[in-house]
Amino acid sequence: MTAVYPAEPWRIKMVEPLRTTTREERESALRAAGYNPCLLRAEDVYIDLFTDSGTNAMSDLQWSAMMRGDESYCGATSFYRLRDAVRAHYGYEHVIPVHQGRGAENLLSRLLIRPGHHIPGNMYFTTTRAHQELNGGTFHDVIVDEAHNPADESPFKGDVDLAKLEKLIGEVGADTIPYVCVGAPVNMAGGQPVSMDCLARVRELTARHGIMVVLDAARAVENAYFVQQREPGWGQRSIADILHAMCDLTDGATMSAKKDSFANIGGWLGLRDPDLAEQARGLVVLYEGMHTYGGMAGRDMEAIAQGIAESVQEDSIRARIAQVAYLGQRLIDAGVPVVRPIGGHCVCLDAATILAHIPQRLFPAQTLLAELYLHAGIRGVERGIVSAGRDPETGENRAPALELVRLAVPRRVYTRAHLDAVADAAIGLHRERRAIAHGLRFTYEPRHLRFFQARYEPITLT
């Protein structure tokens, strides 16, 4: 019988010391950071769950591959290894390397979006929407309603609502929609997957209207795993086969190789259209670097190429998903409100329920995030009203239904004992939640992606 939480399919070869801190030290550090854990020094954090992007542990084979990195300025052999790995596992003919995923988002947005355009997607992501808006586009959320309910147990809460998408096409016209952006899985909904059936129906609808489909493929391997485990007809297919089948239903993809591919930096834009790819190569030279390195060193491209092959190994992805599920199940068993079902890369605390006595205008998720750091030195990230930002036309805060603290688990980094420490801290904080008698307000608010650099001060509840 397969274990519910299998042992990790790797052993530890090198360790990095972690430093524990006192409550007094954490209070001082948090004040200096303006109550924004994003601004903390890493040395003041005990367990860092801010992101799973670029924070993963690379394998011995990845480190070995880095030693053969070809640092030629033009036409490096390392680029062609990366290109061939992407072609083999994702299926895109044209591969434009970039320094990370948002570099690909920038290229795509500059290529396709003009003022007055509309871009539908299955829930926004912060950097993706920022690029869309900066290029004159308007994002439209066409995700299924279940995604906005943390307690809903639907297996594919990342699915596109076809009725919403078709209605939008009818209202704004297909010629104003350059592409449909599909995140698989959906980061801001807690890593909720998209079904193959939904992707096929999106492809059929957009093909009728001549609209491109672009995949956010950063964690597509995780999505493939959920398809294999949850969707009828796919249980006997390999992760590699499902990943390729997902991509076959799209015209292109933006990729942050800092997630599924285990790398510390890097990414790519994959395209099928040769003319569009040629334009992207022209832009990458302007914004990133030569079209055969795109902001990466040769050694980084080698690490990604090897990481792609490792990412689709069945035991690897199984253990990765199980590790996150273990943390989530511990919290569920203790009655801590979290987004359900547990996603692939993170566990999201439902701050709107945990701190129901704090109004959203006083940033309950950011407050809970700060308290978790004070409580145990654990860093996550806010995914609520702060991350949603302001409406560019009205200037008012967007108020999403989800008000979350995301605890993103880096791949191959923490042990089960670390996750137990996180669970114990979250459970203890949940029990003491009524003692949190303040919210937060801005003392400094950046114009874009404010959750990264904003500063706050406590405001007592009245």
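To be clear, the structure that these remarks concern was listed above.
Throughout what follows, the structure given in this document is the object of discussion. Keep in mind it's a predicted model, so treat the numbers as computed, not measured. (Residues numbered from 1 in each chain as written. Predicted model: local features only at pLDDT ≥ 70, side-chain atom pairs only at ≥ 80, totals over all residues. Heavy atoms only, no water.)

**Things to note about the overall build of the protein**
Within the protein, the secondary structure is distributed over 17 helices and 14 strands. Computed over C-alpha atoms, the radius of gyration of the protein comes to 21 Å, within 12% of the 23 Å expected from 2.2 N^0.38 for 462 residues, which places it in the range of a compact globule. If you line up the protein on its principal axes, its C-alpha atoms span 60 × 55 × 45 Å. When the 462 residues of the protein are sorted by exposure, 59% land in the buried category. Just so you have it, the protein exposes about 18,700 Å², and 50% of that area is on carbon and sulfur atoms. Where the 49 positive side-chain charges of the protein centre and where its 57 negative ones centre are 3 Å apart. (Helix = DSSP H or I, 4+ residues; strand = E, 2+ residues; numbered from the N terminus. Rg over C-alpha atoms; globule rule 2.2 N^0.38 Å. Buried < 20%, exposed > 50% of the residue type's maximum accessible area, 1.4 Å probe, protein only. Areas by Shrake-Rupley, 256 points an atom, 1.4 Å probe, with all protein chains shown as cover. Lys, Arg positive; Asp, Glu negative; His and termini not counted. Charge placed at Lys NZ, Arg CZ, Asp CG, Glu CD.)

**Some details on the sheet that holds strand β9 (residues 346-350)**
Sheet architecture is open: 3 strands sit in the order β9-β12-β11, paired in antiparallel fashion. The open sheet has two edge strands, β9 and β11 (381-383), and neither has a second partner. Neighbour-to-neighbour, the strand axes of the sheet open up by a mean angle of 35°, direction not taken into account. Sheet topology note: the β11/strand β12 (residues 404-408) ladder contains 3 bridges and is antiparallel. (Pairing = 2+ DSSP bridges. Axes fitted to C-alpha atoms, helices over the stretch in contact; angles between N-to-C directions.)

**Topic: the packing of aromatic side chains**
Taken as a whole and assessed by the stated rule, the structure comprises 11 aromatic pairs. Aromatic side chains Tyr92 and Trp268 sit 6.2 Å apart centroid to centroid with 50° between the ring planes, which places their arrangement in the tilted category. Of this pair, Tyr92 sits in the loop between α3 (77-89) and β2 (94-98) while Trp268 is found in strand β8 (residues 267-271), placing the two residues 176 residues apart along the sequence. Owing to a relative accessible area of 0%, Tyr92 belongs among the buried residues under this scheme. Aromatic pair Tyr225 and Phe226: ring centres 6.1 Å apart, planes at 70°, arrangement edge-to-face. (Phe/Tyr/Trp six-rings, centres within 6.5 Å; stacked < 30°, edge-to-face > 60°.)

**What to know about empty space enclosed by the protein**
In total, this model carries 4 cavities of 30 Å³ or more according to the counting rule given. One number sums up the size of the largest cavity: a volume of about 160 Å³. Only α12 (314-333) and α16 (416-431) provide two or more residues apiece to the lining of the largest cavity. In terms of residue count, the dominant contributor to the lining of the largest cavity is α12 (6 residues). Its residues assigned to classes, the lining of the largest cavity shows 8 nonpolar, 2 polar and 5 charged. In terms of lining, the second largest cavity is formed by Glu105, Leu108, Ser109, Thr128, Tyr179, Cys181, Val214 and Thr254. Elements represented by at least two residues in the lining of the second largest cavity include exactly α4 (101-112) and β5 (179-183). When residues of the lining of the second largest cavity are assigned to their parent elements, the largest contribution, 3 residues, is made by α4. Tallied by class, the residues present in the lining of the second largest cavity amount to 4 nonpolar, 3 polar and 1 charged. (1 Å grid on protein atoms, 1.4 Å probe; cavity = no way out; pocket = protein on both sides within 12 Å on 5 of 7 lines; lining within 4 Å. Points joined across faces, edges and corners; volume = space filled by probe spheres on them. Nonpolar A, V, L, I, M, F, W, Y, C, P; charged D, E, K, R; others polar.)

**Brief notes about the packing of α12 against α16**
Following both chains from N to C, one finds α12 and α16 inclined at 30°, their axes separated by 9 Å at the closest point. Judged on the interaxial angle alone, α16 and α12 are roughly parallel. As for the relative orientation of α12 and α16, their crossing is right-handed in sense. In this structure, α12 contributes Gln323, Tyr326, Leu327, Arg330 and Leu331 to the contact, and α16 contributes Arg416, Leu419, Asp420, Val422, Ala423, Asp424, Ala426 and Ile427. Here the contact of α12 with α16 is composed, by residue class, of 8 nonpolar, 1 polar and 4 charged. (Parallel < 35°, antiparallel > 145°, perpendicular 65-115°, else oblique. Left-handed = near helix turned anticlockwise from the far one by under 90°. Contact = heavy atoms within 4.5 Å.)

**Side note on helix α10 (residues 274-287)**
For α10, spanning 14 residues, the distance from its first C-alpha to its last is 20 Å, which sits close to the expected 20 Å at 1.5 Å a residue. Looking only at α10, the buried set comprises Leu276, Ala277, Ala280, Arg281, Leu283 and Val284. Taken together, the buried residues of α10 touch β2, α4, β6 (212-216) and β8. Of the residues flanking the start of α10, the one acting as N-cap is Asp273, its side-chain oxygen 2.8 Å from the backbone nitrogen of Asp275. Gly289 occupies a position one or two residues after α10 and carries a positive phi of about 160°. (Expected span 1.5 Å × (residues − 1). Polar contact = N/O pair within 3.5 Å; in protein donor to acceptor, adjacent residues only side chain to side chain.)

**Side note on the layout of surface pockets**
For the largest pocket, the calculated volume is near 1,400 Å³. Counting residues per element, the lining of the largest pocket draws most heavily on helix α2 (residues 60-66), which supplies 3 residues. Partitioned by chemical class, the residues of the lining of the largest pocket number 19 nonpolar, 9 polar and 10 charged. Taken as a whole, the second largest pocket holds about 580 Å³ of empty space. Around the second largest pocket sit 38 residues that line it, and Phe125, Thr127, Asn187, Arg219 and Lys259 are the ones nearest its centre. Contributing elements (two or more residues each) for the lining of the second largest pocket: α4, α5 (126-134), β5, β7 (252-256), β11 and α17 (450-453). Looking at which element gives the most residues to the lining of the second largest pocket, the answer is α5, with 5 residues. Per-class residue counts for the lining of the second largest pocket are 15 nonpolar, 14 polar and 9 charged.

**Some remarks on the pattern of salt bridges**
According to the stated counting rule, one finds 30 salt bridges in the structure shown. For Arg129, the salt bridge identified is with Glu133, shortest N-O distance 3.9 Å. Of this pair, Arg129 and Glu133 both sit in helix α5, 4 residues apart, which is roughly one turn of the helix. Judged by its relative accessible area of 9%, Arg129 is buried. (Salt bridge = Lys/Arg side-chain N within 4 Å of Asp/Glu carboxyl O.)

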